[in-house]
Amino acid sequence: MSEIRVSLPDGSVKTYPAGVTARQVLASWREDLVPSAVAVRFGGNALDLSRSLHEDGALEVIGIASREGLGILRHSISHVMAQAVQDSFQGVQVSIGPSIEDGFYYDFDYAETFTPEDLAKVEARMAEIVRSDKSFERREISREEAITLFQKKGENYKVELIQDLPPDVKTVSLYSQGDYVDLCRGPHIPSTGMIGAFKLLNVAGAYWRGDEHNKMLQRIYGTGFATQEELDEHLRVLEEARKRDHRRLGRELDLFQVNEEAGAGLAIFHPKGMLLRTIIEDWERKEHLKRGYDMVMGPQILKADLWRRSGHFDHYRENMYFTEVENQLYGIKPMNCLAHMLIYKSKVRSYRDLPLRYFELGTVHRHEKAGVLHGLMRVRQFTQDDAHILCTPEQLNSEIRDIADFVAYAMKIFGFDYEVELSTRPADSIGSDADWEMATNALEQALKDNRMTYDVNPGDGAFYGPKIDFKLKDALKRKWQCATIQCDFTLPDRFDLTYVGPDGERHRPVMLHRVILGAIERFMGVLIEHYAGAFPVWLSPVQAVIQTVTDKQIPFGEEVFRRLVEADIRVEKDFRNEKLGYKVREAQSQKIPFMLVIGDREVEGRKVSPRQRDGKNLGPMDVDAFIGQVKDLCARYQ
RNA sequence: GCCGAUGUAGCUCAGCUGGUAGAGCAGGCGAUUCGUAAUCGCCAGGUCAGGAGUUCGAAUCUCCUCAUCGGCUCCA
């Protein structure tokens, strides 16, 4: 009988008879790890504990607490859910059911609609399956057998999946728990009893294979954990996210509204929201001027011919609004680049003029599909902190690097982490292969020169060029697309932009489109959720509120108010005839950074006693001392 | 755009199988002058998203439109 050599995580190497199961190996090494092991990694592949090993290799344990182990657990729960759904309802076809970031889903084809009550029923059946502790059994059968099997079961989606496998795949694996069988690559947890806690969350539509031309299936989302405590914690985070929802805070803090009567996807900024926005925009203008950008502004509508010339008419028309003026078709701008092209073309440019950096807080309109609109995050009118940089090919690298630095600085100022992605040529695009390659290389090289880590997103570029996307991460670890740098060799060509080089000849400049915060609306939405409405002092629409204890202190309150206003502090007064506790509570729920309580003691000493948003009382101090503190807190941002 | 759910006072929500709309908070008025997360009383407030239909009668049933929510597809 042949033997195999297995190296274990502690570095030791042991010999086993060929065909030994992963569980046996694990048990012989660390018996105590077996109960919490969901699978192993052997020779680079994740395998079930029940799998037999036939060759030498290194074995790692995949514990239920690890990220990978949790994914396997959730994938197994999705199988249990599929079984429960088929046990509970007649005529349901299954399709696919993977684990995802925070849980799992399974897509079903079913004539009826699943209701929340149905989910409760499914959960109950799932609990039974978990209690019965059925083991997951794996077996391999030929592709033909599998097709016959699933055809017999009426599982047309599974049949399609198998038929679409590459021709060299001869066998497929099946997993069963009890009498339920599913096509699956695996691995799975040893048995259903290992499922500690799960919950089905919601039902949603999803196209078969993610293609909008295909049938819409019903997707049931759920999540699961090794323990109930972890599930509870996860549900608590979901609740926290709900409380931070910018749509809710936008109303509670009186920042903005989206009004049905005005139109879907159109944000209306209230005074405090507009103040916040203005603070952000002022910061932008200052930072751009500092970095050698010129502020410009283009019109809201431009003739359709210009959009034809730029390629937008052919590639972006369904997202654009048009209007007719005196028999002329005009396109409402969905991007800001066109006017910037015309500014460049307004005179002959020398290589000495380059780079030219045109910056515009440009308001654009895009006809987004009704179903994608979402508070401030996805709207139909928004303002980008947009710039177009025209430079020589030689300057491209340093321009991209400067922008990446600018983004890094902005993210630090606003308190975000971020990830970087490089997106390459999409199917529907314009321009030559050579240009695309050059542009993609330029972006990639700059990322490397700046020593930034990044992922590649194939086919995700804009129609006119590749791009670098910066995905910002908020306090709840959710990612948002904000900054982007897009390389464009096409538009300068289409508009015949030139500059005179040192050789006296005309040359074609290259262009970068870029945004730093992206859309101001979305960025504000992200900011609101990131800070849960409790903005840092420099961003707070109201930085301090003055609260009198009784009417007696109003005259001094007015004096303090005047002094703060003169010192450019954004201050409100609350001199209402209410108890102090009431005023404090209200200011607290408005998340105002400082409350200045004024009672007899303060009037007497001509002082203020600031109470911070976190409840900490700073004790009595002179008004100037308080002004100084606020100024210090804002200093690095102004 | 697609699938599903939802739409009642400024906000959060009650309103059973069709029988003339209710609470808390917010708002107004009055009382209270009070020290760090809710003082008390009174008052006002709704074409039940909009439209059409069924019915003696519709917030409630049906259809259409709009909007919102959860996803999918798309995206700053």
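Attention here is on the structure that accompanies the text. (Residues numbered from 1 in each chain as written. Chains lettered and ligands numbered in written order. Predicted model: local features only at pLDDT ≥ 70, side-chain atom pairs only at ≥ 80, totals over all residues. Heavy atoms only, no water.)

Looking at the overall build of chain A
Across its full length, chain A holds 19 helices and 34 strands. Dimensions of chain A along its principal axes, counting C-alpha atoms only, are 90 × 75 × 55 Å. Within chain A, buried positions represent 50% of all 638 residues. A total accessible area of about 30,100 Å² is found for chain A, and carbon and sulfur atoms account for 48% of it. In chain A, 85 side chains carry a positive charge and 98 a negative one; their mean positions are 3 Å apart. (Helix = DSSP H or I, 4+ residues; strand = E, 2+ residues; numbered from the N terminus. Buried < 20%, exposed > 50% of the residue type's maximum accessible area, 1.4 Å probe, protein only. Areas by Shrake-Rupley, 256 points an atom, 1.4 Å probe, with all protein chains shown as cover. Lys, Arg positive; Asp, Glu negative; His and termini not counted. Charge placed at Lys NZ, Arg CZ, Asp CG, Glu CD.)

A few points about helix H8 (residues 271-290)
In this model, H8 (20 residues) spans 28 Å end to end at C-alpha, consistent with the 28 Å of a helix rising 1.5 Å per residue. When we look at burial in H8, the residues that qualify are Gly273, Leu276, Arg277, Ile279, Ile280, Glu281, Trp283, Glu284, Glu287 and His288. Buried-residue contacts for H8 involve strand S17 (267-269), strand S22 (356-365), strand S23 (381-391), helix H12 (396-414), strand S30 (510-519) and helix H15 (520-530). The first or second residue beyond H8 is Gly292, which carries a positive phi of 80°. (Expected span 1.5 Å × (residues − 1). Contact = heavy atoms within 4.5 Å.)

So, the nonpolar core
Counting 80 residues, the largest nonpolar core has Phe414 and Leu564 as its most contacted members. Both domain 3 (267-298 + 334-530) and domain 4 (544-637) contribute no fewer than three residues apiece to this core. In contact with Phe414, not counting residues within four places along its chain, are Ile280, Trp283, Leu517, Phe523, Leu527, His530, Tyr531, Trp538 and Leu539. Ala84, Phe114, Met126 and Ile189 belong to the second-largest nonpolar core, a separate cluster that totals 39 residues. (Core = buried A, V, L, I, M, F, W, Y, C linked by side-chain atoms within 4.5 Å. Domains from an automatic or database assignment.)

Re the pairing of strand S32 (residues 571-574)
Where strand S31 (residues 544-548) meets S32, four bridges bridge the pair, whose relative direction is parallel. The partner of Ala544 across the bridge, within S32, is Val571. Handedness of the crossover is the feature at issue here: the chain leaves S31, passes through helix H16 (residues 554-566), returns alongside S32, and the resulting connection is right-handed. (Pairing = 2+ DSSP bridges. Right-handed = clockwise from strand over helix to strand, strands pointing away.)

What about the protein's contact with RNA strand B?
Surrounding RNA strand B, one finds 51 residues, the nearest of these being Asn202, Tyr207, Gln481, Asn577 and Arg585. Counting only atoms of RNA strand B within 4 Å of the protein, the fraction found in sugar and phosphate groups is 49%. The side chain of Arg247 places a nitrogen or oxygen atom 2.5 Å from a phosphate oxygen of RNA strand B. Take Glu602: an N or O atom from its side chain is 2.8 Å from a base nitrogen of RNA strand B. Per element, the largest residue contribution to the surface near RNA strand B is six residues, and it comes from helix H17 (residues 580-589). In terms of residue class, the surface near RNA strand B is built from 18 nonpolar, 14 polar and 19 charged. (Near = heavy atom within 4 Å. Polar contact = N/O pair within 3.5 Å; in protein donor to acceptor, adjacent residues only side chain to side chain. Nonpolar A, V, L, I, M, F, W, Y, C, P; charged D, E, K, R; others polar.)

Comments concerning the sheet that holds strand S21 (residues 328-332)
With antiparallel pairing, three strands are arranged side by side in an open sheet as S19-S21-S20. Each edge of the open sheet carries a strand with a single partner, namely strand S19 (301-303) and strand S20 (321-325). Within the sheet, the average angular offset between the axes of one strand and its neighbour, ignoring direction, is 40°. Pairing geometry for S20 and S21, over five bridges, is antiparallel. Bridge pairing links Thr323 to Tyr330 in S21. (Axes fitted to C-alpha atoms, helices over the stretch in contact; angles between N-to-C directions.)

Structural notes on the packing of aromatic side chains
For the structure shown, the criterion picks out 18 aromatic pairs. Taken together, Trp283, Tyr409, Phe414, Phe416, Phe523, Trp538 and Tyr637 form an aromatic cluster joined through their ring pairs. Sitting above the plane of the Trp29 ring, Arg30 keeps its charged end 5.6 Å from the centroid. (Phe/Tyr/Trp six-rings, centres within 6.5 Å; stacked < 30°, edge-to-face > 60°. Lys NZ or Arg CZ within 6 Å of the ring centre and 35° of its normal.)

What to know about the packing of helix H2 (residues 67-88) against helix H3 (residues 116-131)
Direction vectors running N to C along H2 and H3 enclose 115°, while the axes themselves pass 8 Å from each other. In the packing of H2 onto H3, the handedness of the crossing is right-handed. Of the residues in H3, those touching H2 at Ile77, Val80, Met81, Gln83, Ala84, Val85, Asp87 and Ser88 are Lys121, Val122, Arg125, Met126 and Ile129. Among the residues forming the contact of H2 with H3, the class breakdown is eight nonpolar, two polar and three charged. (Left-handed = near helix turned anticlockwise from the far one by under 90°.)

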